[in-house]
Amino acid sequence: MIDLHCHSNYSDGSLSPQELLNKAIANGVKVLAITDHDSVDGVTSLLDGIDHYSIKLIKGIEVSTRWKKHDIHVLGLNIDPFAAPLSELIEKQKNNRLQRALEIAEKMADLGVNHAFEKACKIAGHDNITRPHFAQVFIDEGKARDMPAAFKRFLGRGKPAYAFCPWVSIQEAIDAIHQAQGQAVLAHPLKYGLTRTKLHQLIADFQLAEGDGLEVVSGDMLTTEIQEMAGLCMRFQMLASSGSDYHSDGISRVSLGRQKQLPLNCTPVWQKWNIEQGTL
Ligand code: AMP
Ligand code: MN
Ligand code: MN
Ligand code: MN
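This report concerns the structure included in the present document. These numbers were taken from a predicted model, which means no experiment stands behind them.

Cut-offs applied
- Residues numbered from 1 in each chain as written.
- Chains lettered and ligands numbered in written order.
- Predicted model: local features only at pLDDT ≥ 70, side-chain atom pairs only at ≥ 80, totals over all residues.
- Heavy atoms only, no water.
- Donors = N, O, S within 2.8 Å, 3.2 Å for Na, K, Ca; no water.
- Helix = DSSP H or I, 4+ residues; strand = E, 2+ residues; numbered from the N terminus.
- Buried < 20%, exposed > 50% of the residue type's maximum accessible area, 1.4 Å probe, protein only.
- 1 Å grid on protein atoms, 1.4 Å probe; cavity = no way out; pocket = protein on both sides within 12 Å on 5 of 7 lines; lining within 4 Å.
- Points joined across faces, edges and corners; volume = space filled by probe spheres on them.
- Nonpolar A, V, L, I, M, F, W, Y, C, P; charged D, E, K, R; others polar.

## Here we look at the coordination of the manganese ion (ligand 4)
Stage number 1. Protein-derived coordination of the manganese ion (ligand 4) comes from H5 (NE2), H7 (NE2), E62 (OE) and D245 (OD), at a distance range of 2.1 to 2.2 Å.
Stage number 2. Taken in chain order, the donor set of the manganese ion (ligand 4) reads H-x1-H-x54-E-x182-D.
Stage number 3. Here the manganese ion (ligand 2) and the manganese ion (ligand 4) are spaced 4.5 Å from one another. Of this pair, H5 sits in the loop between β1 (2-3) and α1 (17-26) while D245 sits in the segment after β8 (239-243); the two residues are 240 residues apart in sequence, bridging distant segments of the chain. Like D245, H5 is buried.

## What about unusual backbone geometry?
Stage number 1. Positive phi, close to 60 degrees, is recorded for Q181, a residue that is not glycine.
Stage number 2. Looking at where Q181 falls in the secondary structure, it is placed in the loop between α7 (170-179) and β6 (183-186).
Stage number 3. Judged by its relative accessible area of 55%, Q181 falls in the exposed class.
Stage number 4. The residue Q237 is not glycine, and still its phi comes out positive at about 55 degrees.
Stage number 5. Relative to the helices and strands, Q237 is located in the loop between α9 (223-235) and β8.
Stage number 6. Relative accessible area serves as the criterion here: at 74%, Q237 is assigned to the exposed category.

## A short note on the layout of surface pockets
Stage number 1. By volume, the largest pocket is sized at about 1500 Å³.
Stage number 2. Lining the largest pocket are 40 residues, and of these R131, F151, H188, K191 and D245 lie nearest its centre.
Stage number 3. The set of elements that each furnish at least two residues to the lining of the largest pocket consists of β3 (56-67), β4 (70-77), α3 (84-110), α5 (131-140) and α6 (147-155).
Stage number 4. The element best represented in the lining of the largest pocket is α6, accounting for four residues.
Stage number 5. Of the residues in the lining of the largest pocket, the class split is 12 nonpolar, 14 polar and 14 charged.
Stage number 6. In this model, the second largest pocket occupies a volume close to 300 Å³.
Stage number 7. Lining the second largest pocket are 14 residues, with I2, S242, Q261, L262 and W270 positioned closest to its centre.
Stage number 8. Residue composition of the lining of the second largest pocket, grouped by class: nine nonpolar, four polar and one charged.

See the structure below:
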């Protein structure tokens, strides 16, 4: 079993990296990539002593990018997390994320939620604040029933607590991932609410920027959707990835490593990685 997409509490997941690793082992995962939003701090915190585990840990990241007004996520897999160009990109994203968080907090004050930034930091345990942390503030204040409701009402694009964030371009993300010797994978292609025409345009642009792969299986998908993504993957001659996008038991419908199988006609992104035969 392999899972190349999940989040620790260094971004918007609820488990610590160590807890995530333990859960993956308990779930029978043999290869795990931790891919926090614009951060490698969670995965690097595990590197000391990782060789004593039976599981193979892949160093990863999920980079937020901007493409035609859409937030598009690019996974960097099997990266050198300390590569200088990647560190520079992370620093830039962090600053932009912080500025956006302060802007969101201002908008939340207008909506009657005071000290939202401080509250979000308290929930997160750090200041790399994501929208789910603000969603939790809305829930705690009794203004939203759950995460989807908080996004639908307040935090989604164009909603009253939404703030634009000047994320890096897809090209910048792919370049930094390549400079860190990793593979760049377009995350959850069906999660952006794009028409098929737009989605095909996105994949073509991604490929033009020398992106390596598509996340054919992501979290909870229908078999027909997986087949469609596998078809696109082959049409664009890209590598295929697979991950649960696990955040927490409460939020995620699919547990670590429990996403559906990658169709056999796809070429896996991990084919050239050093994974012992028979491990998966
Ligand atoms: P951010 O990177 O801070 O903009 O936050 C993006 C994260 O918000 C995603 O990775 C998801 O975990 C979460 N998210 C985005 N849209 C929704 C939604 N409609 N409902 C629940 N969570 C969402
Ligand atoms: Mn997330
Ligand atoms: Mn994502
Ligand atoms: Mn994710």
